[in-house]
Amino acid sequence: MAIFPPENRVWWNEPLHRPEIIWITVAFLWGLVMFFTMIYWHFSGQQNLSNEAYRIFPEVYAERTEAMAEKYTVRTETNLDIPVVHPKPGTDVYMLARLWEWWPILELEKGQEYRLHLSSLDWQHGFSLQPTNINVQVHPGYEMVMTITPTQAGEFGVVCNEFCGIGHHTMVGKIIVVDK
Ligand code: CUA
């Protein structure tokens with residue numbers, strides 16, 4: 001029983017048994033397989049975007065997002081009047097995360113290239129684009145920038161996938177892709 005000290009005090013000097021060394025080898029090899037799968041999947045999977053990360057003050061990020069929204073808002077949605085922003089193709093588009101919303105709603109054109117910026121104004125959030133299963137961690141103080149070209153028209157949900165407190169489950173945003 002574990003509450004008594006082991007009879008043989010120097011138990012770590014025992015020779016390795018065959019099943020043990022087999023398990024250690026299997027676990028080590030499996031770790032390598034998973035490690036290289038991450039690299040392989042970056043190139044062959046379609047969910048891992050190449051992103052750039054830059055330091056940015058949350059206030060500056062908020063200013064840029066608001067400036068874009070002011071310039072390109074085309075209408076509002078829901079009873080909260082969330083702006084739907086339709087930026088010019090080829091430009092920098094911003095979406096911010098904060099307790100507990102993704103702001104604003106972005107409307108992009110299919111087949112056009114954008115520089116998508118993501119950052120948080122407060123805590124860590126997770127950007128999960130549904131149903132395409134694209135995931136990006138979103139931190140305050142850093143912005144993630146991705147060059148994207150939407151290939152499919154429709155409405156995409158943005159779900160927060162990092163637990164961020166009491167309103168986490170309500171933190172849902174939207175990206176609309178229109179066919180032009
Ligand atoms: Cu934001 Cu969970």
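Residues numbered from 1 in each chain as written. Predicted model: local features only at pLDDT ≥ 70, side-chain atom pairs only at ≥ 80, totals over all residues. Heavy atoms only, no water.

Colleague: Can you explain the sheet that holds strand β12 (residues 172-178)? Please cite residues and give values.
Modeller: Read across the sheet, seven strands follow the order β2-β3-β6-β12-β11-β8-β9 without closing on themselves; strand pairing throughout is mixed. At either margin of the open sheet sits one strand with a lone partner, and together these are β2 (73-77) and β9 (134-138). Within the sheet, the average angular offset between the axes of one strand and its neighbour, ignoring direction, is 25 degrees. Here two bridges tie strand β3 (residues 82-85) to strand β6 (residues 105-109), and the two strands are oriented parallel to one another. Paired with V84 across the two strands is I105, which belongs to β6. Contacts between helix α2 (residues 58-72) and the sheet are confined to β2, β3 and β6, with β2 contributing the most and set at about 100 degrees to the helix. (Pairing = 2+ DSSP bridges. Helix = DSSP H or I, 4+ residues; strand = E, 2+ residues; numbered from the N terminus. Axes fitted to C-alpha atoms, helices over the stretch in contact; angles between N-to-C directions. Contact = heavy atoms within 4.5 Å.)

Colleague: If you had to explain the domain arrangement of the protein to someone new, which residues and values would you point to?
Modeller: If you check the domain split of the protein, you get domain 1 (11-44) and domain 2 (50-178). The distance between the C-alpha centroids of domain 1 and domain 2 comes to 39 Å. (Domains from an automatic or database assignment.)

Colleague: I'd like to hear about α2, residue by residue, with values.
Modeller: An ideal rise of 1.5 Å per residue puts 21 Å on 15 residues; α2 measures up with 21 Å between its terminal C-alpha atoms. Taken together, the buried positions of α2 are occupied by Y61, A62, T65, M68, A69 and Y72. Down the axis of α2, the buried side of the element spans an arc of 130 degrees, and every buried residue falls inside it. Those residues of α2 that are exposed and angled more than 90 degrees off the buried face are E59, E63, E70 and K71. (Expected span 1.5 Å × (residues − 1). Buried < 20%, exposed > 50% of the residue type's maximum accessible area, 1.4 Å probe, protein only. Arc of directions from axis to C-beta.)

Colleague: Help me get a handle on the pairing of strand β8 (residues 125-130), residues and values and all.
Modeller: Judged by how many residues are buried, β8 sits mostly within the fold: five of six residues are covered. Pairing of β8 with β9, which is carried by five bridges, proceeds in the antiparallel orientation. Looking at the pairing, H125 lines up with V138 of β9. Note: β8 against strand β11 (residues 154-160), four bridges, orientation antiparallel. The residue bridging L129 from the neighbouring strand is V158, located in β11.

Colleague: Now, about the pattern of salt bridges: what can you tell me, with residues and values included?
Modeller: This model, assessed by the stated rule, comprises seven salt bridges. For R75, the salt bridge identified is with E77, shortest N-O distance 3.6 Å. With relative accessibility at 35%, the residue R75 sits in the partly exposed group. (Salt bridge = Lys/Arg side-chain N within 4 Å of Asp/Glu carboxyl O.)

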